[in-house]
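# Topology and contacts: notes
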Amino acid sequence: MEWNKKSITEKLHPINDAYMKKLRSDWFSCPQKEIGYKEFIPQAIEWFQSSRVNNIQGWNAFPLVDVTMGNTHYIESFILKYGWDGFQILKNEYAYYTLMGKHGVDVEDLEPNKPLLITLPHWSFCDLRPEWQDVLKICEQRNIDIHIDLAWIITARDIDLNLDHPCIKSFAMSMSKYSLQWSRVGLRWSRQKSMDSVTIFNNYYYETNTIVTSVGAYFINHLERDYCWNTYGDRHHDLCSSLGLLPTKIIHVVQDLETKKSLGIGLALGESTPNSI
Amino acid sequence: MQEHIQFEFGFQSEYWDLPPKIDIFINNVLVWSGAVESKNARVLVNHTLDYNQEHLLAIRRYNKTDNQCVILNDGTCKDQYLIIKQVIIDDIDIQNLVWHRSWYEPEYPTAWKQEQELQGVVLETHVPGETWFGHNGTWYFQFTSPFYQYVINQFR
């Protein structure tokens, strides 16, 4: 296949191919069934857990599952509970924090007793953070609760992660990176549930915004969990070979061979698909 | 299933001789005991609760003897009392629930009680929402677990 270097982007766009676009257009043009939270949650758990390209363990330690409107909702609920100064992040985190003036610290500078919000896999390393084992060790020593934003896990492969560490209190996954930015939906898993915005959203304002769970269920029924890697895995590597780039564990991201800078191939891969699969 | 819950209490005491003392019980298990000697005392307790069960939080206030309330010649009073200023369970300040769902069972001093009864005063034995404790007695708050669900249910 011919690849054009011009289609490589600085911005890390997720794949949005013809099939995903068709799903969206079908959603709007065809009659749809309303799917509420109770019906959606078990379907979505099964879908997220059905990945064969990653090895995620420890799910059972997190029996309490809530619907979110994507991982930003998870993050915002967390921040609302702990306050802007009541949590910490590591350096090189998701731009969302930096845009609002929150800066990260090095692992050794993590403050005791202050919850840590961390993104895994990480957009720049295209993997877990290299210091992940140190993070776990230091958090255990300093009594730091860990909450994991796993937004990128659905576009990742070969990620080995055991979530059942005593410091990990919650984690969240989202379907947004499967071109569902237009109706963000995801799940939050908690070891123990406490009161916060997501809890209220799920237990008090129950069955509101069922549009997101209905769209989510529709996509689950039409997209297998490993769709992106199963469809584009070979092309990811083919593109890298053709253009002299480094393949990564994130389907829509590659790296420059010399600088290791992350580059987006989501648009290139999305455009490489025939209209029907 | 179980949940590990932090209970945080804010107390204020007033005394001139002996400080008020308290025992805190959760489901009849003594989880904290001591004197409240400050106007801004904080007590932190962690406890594990079984899901889908009723739980009883009780604070027994004691150490007020008959001689701790003294009327002075100018008509003012030297007294000992205790106030629950704040109750935070699982990071939720439950002030409204304390006012509406808790109750206090005072233990009146025998002589004073008889005096009141002779005057025809009917003393309360169950005082809803009381958090200012002049007499010895026990304050109760009943709830269920998971606690977040209990709180949500109260506001439905």
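Given the structure is predicted, the values throughout are model-derived calculations rather than measurements. (Residues numbered from 1 in each chain as written. Chains lettered and ligands numbered in written order. Predicted model: local features only at pLDDT ≥ 70, side-chain atom pairs only at ≥ 80, totals over all residues.)

### Things to note about the overall build of chain B
Operational definition: Put simply, DSSP marks the helices as runs of H or I at least four residues long and the strands as runs of E at least two long, and each gets a number from the N terminus on. Exposure in this text rests on C-beta crowding, where 20 or more other C-beta atoms within 10 Å of a residue's own make it buried, 12 or fewer make it exposed, and counts in between make it partly exposed. The C-beta atoms are placed from the backbone. We call two residues in contact whenever the C-beta atoms placed from their backbones are within 7 Å.
Each helix and strand in chain B was counted, giving 3 helices and 13 strands. Its C-alpha atoms put chain B at 60 × 35 × 25 Å along the principal axes. Looking at chain B as a whole, 23% of its 156 residues qualify as buried. Partitioning the contacts of chain B with sequence separation of at least 6, the portion at a separation of at least 24 is 75%.

### Considering the interface of chain B and chain A
Rule in force here: Residues are grouped as follows: Ala, Val, Leu, Ile, Met, Phe, Trp, Tyr, Cys and Pro are nonpolar; Asp, Glu, Lys and Arg are charged; all remaining types, including Gly, are polar.
Between chain B and chain A, the residue contacts involve 10 residues of the former and 7 residues of the latter. Of all the elements in the fold, those that place two or more residues in the side of chain B that touches chain A are strand 1 (2-14) and helix 3 (147-154) of chain B. Among the elements that make up the side of chain B that touches chain A, the one with the highest residue count is helix 3 of chain B (4 residues). A class-by-class count of the residues in the side of chain B that touches chain A yields 5 nonpolar, 2 polar and 3 charged.

### A word on the sheet that holds strand 6 (residues 168-174) of chain A
Residue and element names in this part refer to chain A. The test is simple: Two strands qualify as a pair provided DSSP detects at least 2 bridges between them. For every element, the axis is a line fit to its C-alpha atoms; helices are fit only across the contacting stretch, and the angle between N-to-C directions ranges from 0 to 180 degrees.
The strand order across the open sheet built from 5 strands is 2-7-6-4-3, with neighbouring strands paired in mixed fashion. Strands at the two margins of the open sheet, each flanked by one partner only, are strand 2 (64-68) and strand 3 (116-119). Pairs of neighbouring strands in the sheet enclose a mean axial angle of 20°, with direction left out of account. Where strand 2 and strand 7 (residues 186-190) come together, 5 bridges link them in antiparallel fashion. Counterpart to Val67 in the pairing with strand 7 is Leu187.

### Quick look at the pairing of strand 1 of chain B
Residue and element names in this part refer to chain B. Bridge count for strand 1 against strand 4 (residues 41-50) is 10 bridges, and the pairing is antiparallel. Note that in strand 4 the partner of Gln2 across the bridge is Asp50. As paired elements, strand 1 and strand 8 (residues 81-89) share 8 bridges and run antiparallel to each other. Residue pairing in the sheet places Gly10 in a bridge with Gln86 of strand 8.

### A look at the nonpolar core
Operational definition: The term nonpolar core means buried Ala, Val, Leu, Ile, Met, Phe, Trp, Tyr and Cys residues held together as one set by C-beta atoms within 7 Å. Domain ranges listed in this record stem from an automatic or a database domain assignment.
Core analysis: the largest hydrophobic core is formed by 69 residues, its most contacted members being Leu116(A), Leu150(A) and Phe219(A). It is helix 7 (residues 210-222) of chain A that provides the largest number of residues to this core, a total of 6 residues. Formed jointly, this core draws a minimum of three residues from each of two domains, domain 1 (5-23 + 225-271) and domain 2 (33-222) of chain A. Apart from residues lying up to four places away in sequence, Leu116(A) is in contact with Phe87(A), Gln88(A), Leu110(A), Cys139(A), Ile144(A) and Ile146(A). Counting residues in each nonpolar core, the second largest holds 22 residues, with Met195(A), Phe9(B), Ile24(B) and Tyr104(B) among its members.

By themselves, these are just geometric observations and shouldn't be taken as functional.
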